[in-house]
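Residue-level structural notes
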Amino acid sequence: MEYAWLIPVAPLLAFVIVGFFGNKTKEGGGAIALGSVLIAFVLSILVSYEYFVTSGLFDSGEAYAPAPFQWLVFGDYALNFGIYIDSLTCVMLLFSSFISLMIFLYSIGYMKGEGARKRRYYAEIALFLGAMLGLILSSNYLEMFIFWELMGVCSYLLIGFWSYKHPEGDAASEAAASAAKKAFLVTRLGDVCMMAGLFVLLFAFKSLDFTTLFDPAEIANVDSGMIILGSLLLFGGVIGKSAQFPLQDWLPDAMAGPTTVSALIHAATMVKAGVYLVARSYPLFIQSADVMLVVAVIGGVTAFIAATMALNNMSLKRVLAYSTVSQLGLMIMALGAGGYVIAMTAGDYHASLGYTAGVFHMMNHAFFKALLFMCAGSVIHAVASEDLRQMGGLSRKMRITSATMFIGALSIAGFPFFSGFWSKDLVFESVMNPYASGLPAGDIFLFLFALALITAFMTAFYMFRMWYMTFKGKPKEAAEHCHGESPKTMTVPLIILSLFAVGSGFLLFVGLNDIITFSVIGGEFMVGGNGKTAEYLFWHVLENKWTYVSLALSLSGIFLAYLMYSRRIINPARFNMGGRSGLYRFLTARYYFPQLYDQISLKLGYGVAKGVDYVDKNLIDGTVDGISNAISGSSDTMRKMQTGNVRNYAAIVIIGTMVLVAVLFILVRFGGV
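Now for a description of the structure that goes with this document. (Residues numbered from 1 in each chain as written. Predicted model: local features only at pLDDT ≥ 70, side-chain atom pairs only at ≥ 80, totals over all residues. Heavy atoms only, no water.)

Quick look at helix α20 (residues 442-471)
- Along its 30 residues, α20 runs 43 Å from first to last C-alpha, staying within 8% of the 44 Å computed at 1.5 Å per residue.
- The element α20 is largely enclosed, with a buried count of 23 among its 30 residues.
- Directly after α20, the chain includes Gly473, whose backbone phi takes a positive value near 80 degrees. (Helix = DSSP H or I, 4+ residues; strand = E, 2+ residues; numbered from the N terminus. Expected span 1.5 Å × (residues − 1). Buried < 20%, exposed > 50% of the residue type's maximum accessible area, 1.4 Å probe, protein only.)

Structure representation (structure tokens):
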């Protein structure tokens, strides 16, 4: 574990090597980037093994947090750099590095025709992964924030990868540039909130180290209002980075980048960082039931809104993007519900179900969403289009892609015994818990539970709508030019990830149930341990009546998509009235959030910018220029006195002497000197 810092260093070093020498190596540095993530994955396995098995730390509920490197000290405040390893850290390291390994391997085939630009691509994704791994291992909020911002820069660069000479022409290049700027600016709003939260927490605790902020004794000595304010501001960062309401609109536009980038952002890095921040900050967030209620409501609203916008979208990648936003909402909602129960329950509370459900679904989602995006990339690679209206009948030519994407769709839809089935059921139950427990905000959580059930139906429908339109029916324009199945470097990762999309849910019953837990025992916080037994969880899911309600809704969604887009028994045009339906236009316009962003930017942002520009030019620059002009003018005046005439200089000396004598006389005569 003392060498855990090498995990992010490997891809960061690859970024430097590929950046300088990538064009002189095979595949533009692809082999170097792939090797670095393999090193990071192996090190993650070794670190996790030591933490869980040989160190004894997991059994005692302790985190590995060696003495940090002291970076900056001012007064009573200290800023440090170090590593912090607990069960949450290990789980995040393992699935992030493994899925990134699959994506990097897939990229070798996907980016084969990109020429010299491959060097830039591999350098940037290596930096992206290094930032995510550094964020996971961070021992304090400032260190985390630095890597958080580095990911933001990488996302800007990768989303705008094709802003110069896009394969589809200038319009696509402009769209990529616009999407990159939008992602950067919108996420910055959340980042500013997060930075403000760091200031609040630093002022309150005089430190940003997790060992200090998560200490119950330290928390007890801090004003609860400061903790609430700091927690809400931190959650503002989550809203931006994980595309939660009302800042959810940037993520679908981020599809302008390469599909491998989309998979990396949606499955292994970036948006998962926000969910990780909520889980990591649980000891602070649970100090207020109101904070956890806000978290749950934002998550539930996001899940529902994003799912509705995926219902009629005709872009293969955008459907998956809206799906990501919706699933992130479910994770955030589960974490909020679990934290609310802890905050409202007096005394000890063992193994929060909401925490387990949120982290479990985050892990499962990483597997099946990476699979789905990479399947989408395989399709786009074969037909050079992502328009669902131009596809159809591809299962005959792309059997591996078709089968693996079908598995991914079943998993995200919550089909029985696939990975998504287990975690989504736990999410639904955790949201129902506050109502079942008779807590004050129970009715709000009952409403969120209803939204979650509707979201489950919509998820199953739009995922299989997408699959049927892509792989079934008669081949259309793009499908007719399909060159066949993708190369093995692309299909092998699909097969591997499809196995996890089926089986990762069963990890809950072979030890994961005791790893992804958060407990309050005797006033102390414990991450990992004290989980429900595997047997209890297994039968609890199968005997829960709501499991079958959500299952019925999911199967209904799949069947409706089958009737509409495979058998064609129901004409989809009946629902949208040929595009004339007001609801259809409303969803197509994305609830008019893009227009709202534009108006806010134009009327508020532009006005503020003009005010800042006026102050900058007239006050700041005016003051500086005024001082400069005064000095310059006085020097010009003084320079004219240098005539070079000795008689003038003598006259000045005599006049000066007379003035000094006069002043001295006055001081002696009237001043008593």
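Describing the packing of helix α12 (residues 259-268) against helix α17 (residues 353-383)
- Following both chains from N to C, one finds α12 and α17 inclined at 170 degrees, their axes separated by 9 Å at the closest point. In terms of their interaxial angle, α12 and α17 are classed as roughly antiparallel. Judged by residue contacts, Thr259, Ser262, Ala263, His266 and Ala267 of α12 engage His365, Ala366, Lys369, Ala370, Phe373, Met374, Ala376, Gly377 and Ile380 from α17.
- When the residues that make up the contact of α12 with α17 are grouped by side-chain class, the tally is 8 nonpolar, 5 polar and 1 charged. (Axes fitted to C-alpha atoms, helices over the stretch in contact; angles between N-to-C directions. Parallel < 35°, antiparallel > 145°, perpendicular 65-115°, else oblique. Contact = heavy atoms within 4.5 Å. Nonpolar A, V, L, I, M, F, W, Y, C, P; charged D, E, K, R; others polar.)

A closer look at the packing of aromatic side chains
- Counted according to the given criterion, the structure contains 46 aromatic pairs.
- Consider the rings of Phe461 and Tyr565, whose centres lie 6.3 Å apart with planes at 55 degrees: the pair is tilted. Placement of the pair is Phe461 in helix α20 and Tyr565 in helix α24 (residues 545-565), with a sequence separation of 104 residues. For the residue pair Phe461 and Tyr565, the accessibility class agrees, reading buried in each case.
- Cluster of aromatic residues (ring-pair linked, three or more members): Phe406, Phe464, Trp467, Tyr468, Phe471, Phe559 and Tyr562. (Phe/Tyr/Trp six-rings, centres within 6.5 Å; stacked < 30°, edge-to-face > 60°.)

A short note on empty space enclosed by the protein
- Enumeration according to the criterion identifies 1 cavity of 30 Å³ or more in this entry.
- Of the volumes computed, that of the largest cavity is approximately 70 Å³.
- Taken together, Ala413, Gly414, Gly420, Phe421, Lys424, Asp425, Phe428, Ala456, Ser550, Leu551 and Ser554 make up the lining of the largest cavity.
- For the lining of the largest cavity, the element with the highest residue contribution is helix α19 (residues 419-436), accounting for 5 residues. (1 Å grid on protein atoms, 1.4 Å probe; cavity = no way out; pocket = protein on both sides within 12 Å on 5 of 7 lines; lining within 4 Å. Points joined across faces, edges and corners; volume = space filled by probe spheres on them.)

Note that all results are geometric; they support no functional claim without further evidence.
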